[in-house]
Amino acid sequence: MWYFELRLWILSALSIWLFAIAAKRSPRVNRYFAGKVRSWSVAFVAFVAYMIASSIWAPDLTLAGIKTYDLLFVGWSCVLTVAALRLSGVAATIEGFWLAIFGLGLVLALAGLASVVSGNLTKGRVSALGGGPNVFGRNMGLLTLAALYYIIDGRRLAKHPALVVAPIAILLVLQSGSRGAMLALFAAVLVYLRSRGIDRRVLWSIVGVSVLGLAALLTQVGQLAVKIFFRRFIELLLLRGYTSNRVDLFADGISAGIANPLGGLGLAGFAQLDSFGTYPHNMFIEAFAEGGLLGLLLLSAPFLLYLRRWMRGGGPGHPAIVAGLCLLGISSSISGDLFDARGVFLLLLFAVATQLPATVRHHRSPGATSVLPVSRA
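In this text, all values refer to a predicted model and were calculated from it rather than measured experimentally.

A. Layout of helix H4 (residues 90-118). Look at H4: 42 Å from first C-alpha to last across 29 residues, which is about the 42 Å you get at 1.5 Å a residue. Backbone geometry just downstream of H4 places Gly119 in the positive-phi region, at approximately 75°.

B. The confidence of the model for the protein chain, seen in detail. Averaged over every residue, the pLDDT of the protein chain is 87; residues scoring 70 or more account for 92%. Across residues 358-377, where pLDDT falls below 50, the model places 47 contacts with residues more than four positions away in sequence or in other chains.

C. Here's a closer look at the packing of helix H6 (residues 156-176) against helix H7 (residues 179-196). It is the contact of H6 with H7, at a shortest axis distance of 7 Å, that shows an interaxial angle of 145°. The chirality of how H6 crosses H7 is left-handed. Packed against H6, whose contacting residues are Ile170, Val173 and Leu174, the element H7 presents Ala181, Met182 and Leu185 at the interface. Here the residues of the contact of H6 with H7 sort into 6 nonpolar, no polar and no charged.

D. The pattern of salt bridges, seen in detail. Tallying each qualifying case throughout the model produces 8 salt bridges. Here Glu290 ties to Lys67 by a salt bridge, and the two come within 2.8 Å at their closest N and O atoms. Taken together, the positions of Glu290 in helix H11 (residues 283-314) and Lys67 in helix H3 (residues 61-88) put the pair 223 residues apart, joining distant regions of the chain. A relative accessible area of 11% means that Lys67 is categorised as buried. As a salt-bridge pair, Arg201 and Asp153 come within 3.8 Å of each other at their nearest N and O atoms. Of the two residues, Arg201 sits in helix H8 (residues 200-216) while Asp153 sits in helix H5 (residues 133-153), which places them 48 residues apart along the sequence.

Reading guide: rules and limits
Position numbers for residues start from 1 in each chain and track the written sequence from start to end. Since the coordinates come from a predicted model, pLDDT governs what is reported: local features require at least 70, and pairs of side-chain atoms require 80 or more to be given and counted, while whole-chain, interface and lining totals use all residues. As a convention, hydrogens and water are excluded, and side-chain values are obtained from all of the structure's heavy atoms. Per the convention used, a helix needs a DSSP run of H or I reaching at least four residues, while a strand needs a run of E reaching at least two, with both numbered from the N terminus. A helix's residues, less one, multiplied by 1.5 Å, set its expected span. As a per-residue measure, pLDDT tells how confident the predictor is, with possible values from 0 to 100. We call two residues in contact when some of their heavy atoms are within 4.5 Å. As a rule, the C-alpha atoms of each element are fitted with a line to give its axis, helices using only the stretch in contact, and angles between N-to-C directions run from 0 to 180 degrees. Left-handed is the label given to a crossing in which the near helix is rotated counterclockwise from the far helix by less than a right angle, and right-handed is the label when the rotation is clockwise. All residues other than Ala, Val, Leu, Ile, Met, Phe, Trp, Tyr, Cys, Pro, Asp, Glu, Lys and Arg, Gly among them, are scored as polar; the first ten of these are nonpolar and the last four charged. Any Lys or Arg side-chain nitrogen located within 4 Å of an Asp or Glu carboxyl oxygen qualifies as a salt bridge. Relative accessibility under 20% of the residue-type maximum defines a buried residue, over 50% an exposed one, and the middle range a partly exposed one, all with a 1.4 Å probe and only protein chains included.

Written as structure tokens, this is what we have:
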């Protein structure tokens, strides 16, 4: 039943919480400044609204209705994100985000470890709580970033637990067998270190995680991770060039968009093609295939505006957030549909909210995180 879905209850609880915060404050009290992030939220909601409207010319109204239901959660999440940034402040919202990622990620990690011990694997790959291996790998990648954030820049009390969690999360990414998650995590860690800057604390953190990671390789979990990594990444991807038909899926999506440039196939129209899957596994190609040029433009515009703001001196934003955006952006360009890409939208909103004017950013220390001040506007 739809009313038992966890996502519905989580977003409902967050909505009630934000309503309570807003009601407690006087209407005359100004909200926190969030870097004009509402403009980006409006752009994402406009994209979601257009894709839902494309159901009018969709070939299968039932499939379009199911996908419409999923997209409503994407728009809802974007609105709640902006509300949280404006009501609670950027710094507090981001701290809450990483705390949630760390806590929920630990639950998934424990479930994944339990499946390893019990031998309950999905085609030799680790997953948890009904999600597929690719989703599990993406979530463990986020848990890794949350742990690294706590190790390098977090409070002292969180550093030691995170130091243990980080290598385990990395091994679970390998155990998921998701090559997209592996590539995305590698790129995200590089982006985090490059954005934040490398100092003595970072070097010691890398040494600590590496030592614990090498020790973990001697366990059953570590041995399975190495085995899955060599089979999925080295043998299948690098030696055989096997991409699980991703190239064909991308080509089918692009061809569908070119053949229907004005409005695309309509929502969930890709599922009606004679292809290897029900979606192209790339959110931009999916927007082009099912929404045409307008769908692609509406989806691309917020990202292009973010890059433009970056190039004009605003910087990329909070290092850990930018790393998370990189991780989910790569994952959503290799696997998953528009609903799976919702994290990309949310992290882009966080990144925009943490961009700083060049005059402010240049006066900050190299290792400081780029979070906007909590002064009210």
